[in-house]
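Coordinates in review
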Amino acid sequence: MKKLIVMVLSLVMVLTTMAVYTVPAMAKDAVISPTATTATEKKKPSLHVNGSNADGDITFTEDPNNPNRVTFEYTGDGTVKDWEDNLADELGFIEGTDYTAVINDDMTYTITFISEDAIAAWNNGLVWVNAIVEYDDDTTSTTGKKDHSNKSPSTGAPTSAIAATVAVAGAGFAVLAATKKRDAE
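Cut-offs and rules
Residues numbered from 1 in each chain as written. Predicted model: local features only at pLDDT ≥ 70, side-chain atom pairs only at ≥ 80, totals over all residues. Heavy atoms only, no water. Helix = DSSP H or I, 4+ residues; strand = E, 2+ residues; numbered from the N terminus. Buried < 20%, exposed > 50% of the residue type's maximum accessible area, 1.4 Å probe, protein only. Contact = heavy atoms within 4.5 Å. Areas by Shrake-Rupley, 256 points an atom, 1.4 Å probe, with all protein chains shown as cover. Pairing = 2+ DSSP bridges. Axes fitted to C-alpha atoms, helices over the stretch in contact; angles between N-to-C directions. Core = buried A, V, L, I, M, F, W, Y, C linked by side-chain atoms within 4.5 Å. Phe/Tyr/Trp six-rings, centres within 6.5 Å; stacked < 30°, edge-to-face > 60°. Lys, Arg positive; Asp, Glu negative; His and termini not counted. Salt bridge = Lys/Arg side-chain N within 4 Å of Asp/Glu carboxyl O.

With that settled, the discussion passes to the overall build of the protein chain. Helix and strand counts for the protein chain stand at three helices and eight strands. Along the protein chain, helices (α) and strands (β) appear in the sequence α-β-β-β-β-β-β-β-α-β-α when read from the amino end. A buried classification covers 25% of the 185 residues belonging to the protein chain. Once local pairs closer than 6 in sequence are excluded, the contacts in the protein chain between residues at least 24 apart make up 65%. Accessible area of the protein chain: about 12,900 Å², with a carbon and sulfur share of 57%.

Listed below in structure tokens is the structure:
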């Protein structure tokens, strides 16, 4: 009888240990691996004013004759002084080879994507544009709401922590029961 109890307890301990290490690896939602597909819908670029979320103050239009040419326009209060993008610094593209960027006379900003990599970055929403705006008076400015669009997905970690706690508690109860039975015999 003692050998049976020892075998059952060993099995419970092994299952508990496996549960503790495998449950955290399970994600809350199924994650689908990326596959090589052609993007059917372009993602929008990140638009900023003075480094903060633009909140609709910047619009962009693609040239109907050249979909790789995009013009950005600031429509909010204040005057545009300059434009910035992440094409050279963050994405590593070379102006003149991968893209061209021009501030027009009306202070709109036109980017023409030349290389396949630059076009892919535009289509995949990796491009951000920032309008440097000067306001007429000191009381008007953007409040700078944090953009949470790149927030990581939930992984189910709290659920796995609860499952691991229950598994360890089960193992503890099994050991406690074994020691009480040993003392009783």
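Strands sit in the order β3-β4-β7-β6 across an open sheet of four strands; the sheet is antiparallel. Since the sheet does not close on itself, it has two edges, and those belong to β3 (58–63) and β6 (99–103), each with one partner. The mean inter-strand angle of the sheet, taken between neighbouring strand axes irrespective of direction, is 20°. Judged from the five bridges that link them, β6 and strand β7 (residues 109–113) form a sheet pairing that is antiparallel. Across the sheet, Tyr99 pairs through a bridge with Phe113, a residue of β7.

Attention now moves to the nonpolar core. In this structure, Ile58, Phe72, Tyr74, Trp83, Ile111, Phe113 and Val129 are the most contacted members of the largest nonpolar core, which totals 25 residues. Listing elements by their share of this core, those giving two or more residues are β1 (46–49), β4 (66–74), β5 (79–85), β6, β7, α2 (116–123) and β8 (128–134). The element that contributes the greatest number of residues to this core is α2, accounting for four residues. Excluding anything up to four places from it in sequence, Trp83 contacts Ile58, Phe72, Glu73, Tyr74, Ile103, Met107, Thr108, Tyr109, Val129, Asn130 and Ala131.

Every buried residue of α2 is listed here: Ala118, Ile119, Ala121, Trp122 and Asn123. In this fold, the buried residues of α2 make contact with β3, β4 and β7. Note on α2: the residue one or two positions beyond its end, Gly125, has a positive phi of about 75°.

Below, the discussion takes up unusual backbone geometry. A positive phi angle, near 50°, is found at Asn50, a position not held by glycine. Within the fold, Asn50 resides in the loop between β1 and β2 (52–53).

Moving on: the sheet that holds β5. The strand order across the open sheet built from four strands is β2-β1-β8-β5, with neighbouring strands paired in mixed fashion. Edge positions in the sheet fall to β2 and β5, since each has one partner strand and no second. In this sheet, β2 lies alongside β1 in antiparallel orientation, the contact comprising two bridges. Bridging across to β2, His48 finds its partner in Asn53.

In total, this model carries five aromatic pairs according to the counting rule given. The interplanar angle of 40° and the centroid separation of 5.9 Å between the aromatic rings of Phe60 and Phe72 together place this pair among those described as tilted. Highlighted residues: Phe60 in strand β3 and Phe72 in strand β4, separated in sequence by 12 residues. Between Phe113 and Trp122 the ring centres are 5.3 Å apart and the planes differ by 25°, which places this aromatic pair in the stacked class. Residue classification places Phe113 among the buried positions, given a relative accessible area of 3%.

Let's shift gears to the side chain of Asp98. Relative to the elements of secondary structure, Asp98 occurs in the loop between β5 and β6. Here Asp98 occupies a buried position and makes no salt bridge, while the nearest side chain of opposite charge, Arg69, is found at 16 Å. Here Asp98 is in contact with Phe93, Thr112, Phe113, Ile114, Ser115 and Ala118, once residues within four sequence places are set aside.

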